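Listed here are the chains, written in short residue letters.
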Amino acid sequence: MIPIDNFLVLSAILFSLGMYGVLVRRNAVLILMSVELMLQAVAINFVAFAVYLNPETFTGLIFGIFVIVIAAAEVGLALAIILRLFRNRQISNVDEADLMKW
Amino acid sequence: MTYEEAIFYVIAAVTVAGGLGVVIARNVIHSALFLIMALLGVAAVYVLLASEFLAIVQVLVYGGAVTILILFAMMLTRVRDTAGPMDGPQRPIAALAATIFLGTTVLAVTQTEWRGNTEEATVISIYEIGEVLFTTWAMPFEIASLVLMVSLIGAIVLARGEEGE
Amino acid sequence: MEFVLLALIVIPLGVCPLFMLIPSQYPQLSRYLAALAGGALFALSLLVFVVYEFDGGSGLRYELQWDWMENIGFLRENGITFYLGVDGIGAPLVLLNGVVIFAAVFVSWNIANRTKDFFVLLFLLVAGVYGVFISQDLFFFFFWYEVAVLPMYLLIAVWGASSEFGTFTRTKEYGAMKLTLMLVGSSVLIWVAIFALFVEAGAGTFDMTVLREATLDEDFQKWVFPLFMVGFGVLAGMWPLHTWSPDGHVAAPTGVSMLHAGVLMKLGAFGILRIGMTLLPEGAEFWAPVLMALGVTGAVYGSVSALAQTDLKYMVGYSSVSHMGFVLMGLASMNEIGVNGAVLQMFAHGVMTALMFTSVGALYDQAHIRDMTQFGGIAKRMPRHSAFFAIAGLSSLGLPGLAGFVAEFHIFVGVFEAGYWWAGGLGILSAAITATYILRMLSRAYFGPLNEKWAGLKEMRIGEQFAAVILIAMILFMGLWPAPFIDRISETVEMIPGIMG
Amino acid sequence: MDQAWLIPAIPAAAFAILLIFGPYLPRKGDWLAIAAIGASFILVFPVLADLLDQADGTTYVAGEKAWEWISFDLAGVGEKFEIEIGFYVDPITIVMLAVVTLVALMVQVYSIAYMKGDSRYGWYFTVMSLFAASMLLLVLSNNLLLLYAGWEAVGFCSFLLIGFWWEKRSAAEAAKKAFITTRIGDVGLLIGIIMLWLEGPNTFNIQEIITFAEEGGYDNTYLTGAVLLMFMGALGKSGQFPLHVWLPDAMEGPTPVSALIHAATMVVAGVYLVARMLPLFEVADPIALDVVLVVGLTTVMISATMGLAATDIKRVIAYSTLNSLGLMFVALGSSAVAAAMLYLFVHGFFKALLFLGAGSVIHATKEQDMNRLGGLAAKMPITAAVFAIGTLAMIGIIPLSGFWAKDEVLVFAKEEQNIIVYLVLLSSLVITGLYMTRLFVRTFLFAPREQAAYDHAHEGGLLITVPLLILGLLATVGGFVVFDEVGEALGFPGGFAQFVFLNEAHEFEFHLDTAITSSVLAGGGAVAGWILWQNKAELAARIRDRFAPVSTLLSNRYYIDEIYQFVIDRIVLGLGSIIAWFDRVVVNDGGVDGSAKLGYFTGFEAKFLQTGRLPNYALAIVVGILVLSIAMLVTQV
Amino acid sequence: MSTSLEWGLLAPEFLLAGWAAFIILIDLFWGGLGKERLGWLAAIGVVAAGGLSLIWVNDAKQFGELADINDYTTLFRVLFTGIGATICILSARYVRDRLLNPGEYYALILLAIVGANGMAAAHELLTAYISLELLSFSLYALTAYAKFDLRSNEGGLKYMLLGAFSSAIFLYGIGLIYGTTGSTQYAVIGEVLSGDTSDIEWGMYLGLALMIGGLGFKVAAVPFHMYTPDAYEGAPIPITALISALAKAAGFAFFLKLFAVAFLPLIDDWRYFIAGLSVATMALGNLVAIQQRNVKRLLAYSSIGQVGYLLLGIAALSQDAASALVLHMIGYVVTNLAAFTCVILYYNWTGKEEIEEYKGLAERAPYVALCLTIALFSLAGMPLFAGFATKFILFQAAADQDLLWLAAVAAFFSFVSLYYYLILIREMYLGEPEEKTRFQTPWLEYTALTVLIAGVFLIGLYPKPVFNVVEDATATIFVSEELESGEDLVGVP
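Residues numbered from 1 in each chain as written. Chains lettered and ligands numbered in written order. Predicted model: local features only at pLDDT ≥ 70, side-chain atom pairs only at ≥ 80, totals over all residues. Heavy atoms only, no water.

K.L.:
Account for the overall build of chain B, with residues named and values stated.
P.N.:
The number of helices and strands found in chain B is six helices and zero strands. Along chain B, from the amino end to the carboxyl end, the secondary structure elements read α-α-α-α-α-α. The C-alpha atoms of chain B give a radius of gyration of 20 Å, which is well past the 15 Å a tight globule of 165 residues would have. Taken along its principal axes, the extent of the C-alpha atoms in chain B is 60 × 45 × 25 Å. Among the 165 residues that make up chain B, the fraction classed as buried is 45%. Counting only contacts in chain B whose residues sit at least 6 apart along the sequence, the fraction spanning at least 24 positions is 52%. Put simply, chain B shows about 7,900 Å² of open surface, and 70% of that area lies on carbon and sulfur atoms. Once the 6 positive and 14 negative side-chain charges of chain B are each reduced to a mean point, those two points are 18 Å apart. (Helix = DSSP H or I, 4+ residues; strand = E, 2+ residues; numbered from the N terminus. Rg over C-alpha atoms; globule rule 2.2 N^0.38 Å. Buried < 20%, exposed > 50% of the residue type's maximum accessible area, 1.4 Å probe, protein only. Contact = heavy atoms within 4.5 Å. Areas by Shrake-Rupley, 256 points an atom, 1.4 Å probe, with all protein chains shown as cover. Lys, Arg positive; Asp, Glu negative; His and termini not counted. Charge placed at Lys NZ, Arg CZ, Asp CG, Glu CD.)

What follows is the structure, encoded as structure tokens:
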């Protein structure tokens, strides 16, 4: 009823938004959130493919679950690092963290 | 437009609005709230995709744990106090890049003739999922647990305050 | 005999760990070991040269072939083999290397700083040079070629000397870096050409004896030959890519300069001959005029530049450029006489330039300058040294009876025979210019009233004299009785495809 | 005749022994050197005897003996490339051998006294032996390459001996100049040799090349080019214009050396070469011989005139040598081999005599500027007497040897060439008379100008006077060989001319008119010289002042040295500096360092891509993705 | 299909995971063991795991549809455990002196190896991806492990965020490939792609491009490399070594297997893109390396350059090229570890890591200077050492696949790299040391160094045994193609 393209386009939009967020945001947490958005888009993709194209093995669905798991784990670890950076330097903007360059 | 499609568009609109909010909100807390909105929208999309299990996971893991974590982190890092604009100077080029990417992707997915039944989602039962998760996909499952463990170890080691802090 | 060839590589490589085992507080021990190894190499090289006898075919003798990698991937049977063998061109060059290393050990006798490290690197270099001369497998040829370049950086940078020249400075780091980079950079071209050659031949082997049987497309030869020509040409001091050579010499310690100019530069010319011309005869024929033009330009340019130098090492360095120009001319003549001459010149230039550096080094060790205008009349203080230097100079200007003449004469005849009149004429003119700068140098630095500043100079060390005598013996050997050289060389050169009678 | 190789081999062996063991031998081995050259001299006679024995009437059979030196097959041609060590004896060779060994012997004996006490006494004899060996090798060689080897070797010995007292800056410079100047000529010689081989009969053998050429084997123009290039070598070695500049400077060497090398032997190698190769010149375009002639004439004139202005006695003799050599080339240019060889023969004696005489003066007075000499005849009668003989021989006064030889040349010039040549030669005779007389008068006669030098003056010992006397005798009678009777009496069937004319019937001619003309002119010159430079030479001074510009021109040697100096300093060295600069700045700093800097600079610019800011990094990833995706879609779909 | 899973096949991974937990527990409850010995203990476990994996030499088993246990896997298991063991040994003193929480540190290393093993073993994309994340997460955490070091924080942050970002991109690509081919099994994808793909080409190529991008990030190909220098510089030095060796090797194990099995049918479509990446990577890595002042950063850029060479093997993909690639990778890993051993030793002695601070090392620790010189020369591709032989074979393999120009470019940049290695060598040999005293010699590190250098020489002088092993390994991933496609591409007469 709902063509798969709809989901795929939705996913593409979300993904692009996330990408935009990563590129544009200065705050590390916001970047992380943008990445989460991208992962959501990916998950939509997987699930859509699983249920529309390959319902027998529904690998995509499983993939989607794992993506969510990984995304959650990622948030945990990333936040710890962000927190550590903040503790040490009182910054949370990624573009201020440029001790190392060139 | 069918009834289901209408629902889809509403949900999609909410999700996209949420996503948009995440990336353009001037206030970080708003961003976080928009993220919740987007995540819930995605959960609804899963429902539309006949994957209730995933929707539940989504709500629990994301709507619950992740966002709370993020909000905590925001508070701990006093994001609101940071001076300067929220967005970097890359905005125009970022917008351009994202748009191009969107265009490319949309073009690609619409141009592709997907194989299989692209009109109707198949319902996959939660039991089936449970079964394959522990049999066919046992190895990723095990590894995923290790990933979580790594994340845990890392988070603890890094976030834990030491004496003198 | 095969194992003598093997020993030529194994001995220098084998002494390296031995040096490392010697505690650094006993430098004298390292020196004795070096002398021993050098002597052994000299003796073996001489043996190889003496017993070498042409027996048909490509002239390859004392072959030793061990599998290294085969039937793997793109390699078929005998894909890459550790394949040693010496032919009539290799034999004199092996001898050359033996002579020069033996002499270089004595010249380097009083290296006090990290003596053993110095000898390790020196012998590594020598192993590489031997490897190139006797490898019959393209992979190992290139392997040893690079091994020969490898130690140069440290040898020059650690034990070399920086110089001030008024308007500009040449530090040892600069000289070493430039030398290494130019040589390795040029070997990239060789490398690429080897890849192309291997693929085009399609024989699945790097065995040169097999590759020379392969029929290669003419267009292919035409575009690959310049890669070899330029790639090897840089090491041969081909104009205009020669600048590493004078600057390298200026920076290098004496023993290293000897090996560097004496044998290392020969690798380049040897490569053009052994790989470029032998495997790609049609390409060589097509590019010969260019090679000839570059060779002549180098010969004249080098000698005229030498004329303007006041630094002794620069002068000798540019003279090497000039003489290697002769070698390239000989090769480019593409006829037997010229190519013979080129190989003879490799040997002749090798010994005489080693002798020149021995002399310059002996002087520099005492005076710590090399500016010839600052000297004057030092023949009074260092008569033997002066005589040795003069002999080297005379050989290089082509005085009959000394090695240089035999070689240059063949080259000129070959060049004329090939129809390059202008090149032959300019070449002979360049030899005359050589006379000018050599004599100018002798007259400025060695003759005339003794500059009292140098009244304290002493005769060169006995070890250096010994080295010089060995080298002079070789110069005279070839100059007076070139037949042993020419017999060996010509029989092999005759077998090279594309070489006219 | 097969043992002819011993003639150079003995001095060569002596050289080797002296070089290695010389310092340890008694008397530094001078006896060995002299014994060696003496042996060579003696060996000339059996060789000559052989030649004469094998002669069929007046036809001489040349002897040849060769060993292979270099030989290899030429691929695909079926021929060999061969270079031999070969010896060839024919009458010309014999003449040369005689002159070389005899004069060398005299000079070396003389040197024992002359060089006594020199710090490099042993070295002197060592090099002299090498010189003798090389010169004899040059003379005996049967092929061009060996000849070239000897040619270079004598040049090298000349270098060593001119620079014998290298502590003197001027000696070192003169040695360098001599070597380089002759070397420039040798460029042509070597090219010429190679040219002859290239189109020739695949051999360097002189006789075969000549035969080949006479059979018309070479293209005429080609041959002309080749012989002219070879003539360049002769030009340098024999000090002909414009490469004559080194010879006067070569007087920096010990005087016996000047006598041997720069008068009697080495410098005539050019004459010998041309004489030897004359058949080629004759086969070639006539322009070749014309060039020889013109060069000879020019040299005669400029050297004679320069001789007028020089004050150093050795230099005057050096100019006279140039003058004589010029005459020989004039003879060769007129195809008069016999005349040239005769002149060469006698010139060897009287010029060596002059030099040794001058050496005697210098040895005694330590002075060689004739402005500080004078009146020595009283204290050095023998020297003065033999010097007078030499002078007169040089001027060409009958019956001294120089007269006969010179007359032969004049006859040929008159007969074979146009009148201008003849007139020029005649005028040169006057000048020769003038400056030679001047030399003698200013040195030996009238009042001494420098008392100290005069006080020192004394006759040398027997070692000095005996060679002088022997040479004096030869200079006096040597010319008589022109008479066939004398020649036959000496054992040359058909006489000397026949002997050196390589089996082509020829006789010496004696033209009375020429003889009288030349004698009058030469004698007139001599008398005029006497008048001009007698006593205090006021007349000469007056004339000199009158023609001051000419005098300046002459005493500055036509500024030829200055021109060369300019060319070398400004042009050659300037070019050298420019190239050296170009090499350093353009090739090295620009090309090599430049490309290295390019890489370095690219890296320097590229490193700023690494801004340290995460959003930029992310952007890079996105750009990469976009480029990849779009490119892949565009190219593949 | 997968009713009975042979869990035993994953024994090395279980051992590693278990050992990780064991190490943490030991650290918790037996503090008396000492931080240093903990590292050795970890190394023992890693070695044991490596030994265990040797059981399946010449065996070809499959773990369900998820993983292959064959020679390819075994080779990489051994390689990864080798890297891990070395790093554990090298970490011992570093961790003792400079880091907190040693138990977790080693546990993370061990888990990283599990991830790497999974990547090499994976038979399909999900397993591979999860393994990849396991490896990555471990490395993120380890990079930021020096928690009070600002550079470590910053490196970790950049690595982590960009890693997540690129993961998302990579996943998007996987999604598209999955959507177009209907499977995540490499072999199935390969099968589908060798059929008619005209209907799905849009999605397929976009997916491929995104996957290349994502993999490019993992292996640090330009322009996805930007995190590398910062992460390298920020990370504790042993971890820098770990990233440079393990992450890269695992990345390529995955990359190679995926492309050889799944994407080989499309090789003509993507090879020039990989070639382009390769060129960009070699160029940027080597040129920017010239400008570096910090040894770790220098080695980071140098490793980027090395990635360029390795990508060349992918661009020329065939079994020969694959073998050559793996051989070069092994050579690179051994050499790089040797180099890092020296750097770590020096850091342990002095705490210095700027190039100019290396001056006079040859005076103070000649053996280390010598080994570092050998390692650097090997990285530059000089003969006698591994780099020459492996590069020669790798580039030759590329030339064999009509990519001569690429081999030429690679050879050129290999030459450029010599320059910056020489700069470091110059400092060591020409600089005057501030102090003249010799350093004390830690025997264990020296032994490890000697073994590594011996490896460098072995591969450089006689790589045949190694190559044979590698060839057997790569044969397993090309088995489905029976070399047919390779044969076509070779075009050898």
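K.L.:
Before we move on, can you summarise the environment of His249(C) with the specific residues and values?
P.N.:
Residues and elements named next belong to chain C. With respect to the secondary-structure elements, His249 resides in helix 10 (residues 244-251). Residue class for His249 comes out buried when judged on its relative accessible area of 0%. Considering only alpha carbons, one finds His249 and Gly160, 89 residues apart in sequence, at a separation of 9.1 Å.

K.L.:
Account for the interface of chain A and chain B, with residues named and values stated.
P.N.:
Contacts between the two partners involve 67 residues from chain A and, on the opposite side, 88 residues from chain B. For the chain A and chain B pair, buried surface summed over both sides reaches about 7,000 Å², with 75% attributable to carbon and sulfur atoms. The largest contributions to the chain A side of the interface with chain B come from Met1(A), Tyr20(A) and Arg25(A), which together make up 10% of the buried area. The interface formed by chain A and chain B includes one salt bridge. Between Arg25(A) and Asp87(B) there is a salt bridge; the shortest N-O distance is 2.8 Å. The tally of links between chain A and chain B comes to 17 residue pairs in polar contact (both at pLDDT 80 or more). (Buried area = accessible area lost by both parts, 1.4 Å probe. Salt bridge = Lys/Arg side-chain N within 4 Å of Asp/Glu carboxyl O. Polar contact = N/O pair within 3.5 Å; in protein donor to acceptor, adjacent residues only side chain to side chain.)

K.L.:
So what's going on with the packing of aromatic side chains? Residues and values would help.
P.N.:
Across all of its chains, the model carries 126 aromatic pairs over all chains by this definition. Measuring from centroid to centroid gives 6.4 Å for Phe156(D) and Phe159(D), while their planes differ by 20°, and the two rings are stacked. Within this pair, Phe156(D) and its partner Phe159(D) are both found in helix 5 (residues 144-162), separated by three residues, close to a single helical turn. The buried category is assigned to Phe159(D), whose relative accessible area is 5%. Its end group placed over the ring of Phe49(C), Arg488(C) keeps NZ or CZ at 4.5 Å from the ring centre. Here the basic side chain of Arg120(D) rests over the ring of Phe164(D), its NZ or CZ set 5.8 Å away from the ring centre. (Phe/Tyr/Trp six-rings, centres within 6.5 Å; stacked < 30°, edge-to-face > 60°. Lys NZ or Arg CZ within 6 Å of the ring centre and 35° of its normal.)

K.L.:
Explain the pairing of strand 2 (residues 80-86) of chain C to me, and be specific about the residues and the numbers.
P.N.:
Residues and elements named next belong to chain C. Of all seven residues that make up strand 2, seven are buried, and the element is covered over most of its length. Two elements, strand 1 (residues 61-69) and strand 2, share six bridges in a ladder whose sense is antiparallel. In the strand pairing of strand 2, Arg61 is matched with Val86. (Pairing = 2+ DSSP bridges.)

K.L.:
Account for the packing of helix 13 (residues 312-333) of chain C against helix 17 (residues 421-446) of chain C, naming residues and giving values.
P.N.:
Residues and elements named next belong to chain C. Taken N-terminus to C-terminus, the directions of helix 13 and helix 17 make an angle of 160°; their axes are 11 Å apart at the nearest point. Taken together, the axis directions place helix 13 and helix 17 in an arrangement best described as roughly antiparallel. In the packing of helix 13 onto helix 17, the handedness of the crossing is left-handed. For the pair helix 13 and helix 17, the contacting residues are Leu312, Met315, Ser319, Ser322, His323, Phe326 and Met329 in the first and Ala423, Gly427, Ser430, Ala431, Thr434, Tyr437, Ile438 and Met441 in the second. Its residues assigned to classes, the contact of helix 13 with helix 17 shows nine nonpolar, six polar and no charged. (Axes fitted to C-alpha atoms, helices over the stretch in contact; angles between N-to-C directions. Parallel < 35°, antiparallel > 145°, perpendicular 65-115°, else oblique. Left-handed = near helix turned anticlockwise from the far one by under 90°. Nonpolar A, V, L, I, M, F, W, Y, C, P; charged D, E, K, R; others polar.)

K.L.:
Describe the packing of helix 13 (residues 286-309) of chain D against helix 14 (residues 313-333) of chain D, naming the residues involved and giving the relevant values.
P.N.:
Residue and element names in this part refer to chain D. Their axes nearest at 7 Å, the elements helix 13 and helix 14 cross at an angle of 160°. Classified by the angle their axes make, helix 13 and helix 14 are roughly antiparallel. Handedness of the crossing formed by helix 13 with helix 14: left-handed. Residues Leu289, Val292, Leu293, Gly296, Leu297, Thr299, Val300, Ser303, Ala304, Met306 and Gly307 of helix 13 form the contact with helix 14, whose own contacting residues are Val316, Tyr319, Leu322, Asn323, Gly326, Leu327, Phe329, Val330, Leu332 and Gly333.

K.L.:
Please provide a residue-by-residue account of the nonpolar core, values included.
P.N.:
If you look at the biggest cluster of nonpolar residues, it comprises 828 residues, and the most contacted ones within it are Phe259(E) and Trp270(E). For this core, the leading source of residues is helix 13 (residues 319-350) of chain E, giving 22 residues. Two domains each put at least three residues into this core: domain 1 (1-83) and domain 2 (125-165) of chain B. When near neighbours in sequence (up to four residues on either side) are disregarded, Trp270(E) contacts Met632(D), Leu208(E), Ile212(E), Phe259(E), Phe263(E), Ile314(E), Ala315(E) and Leu317(E). (Core = buried A, V, L, I, M, F, W, Y, C linked by side-chain atoms within 4.5 Å. Domains from an automatic or database assignment.)

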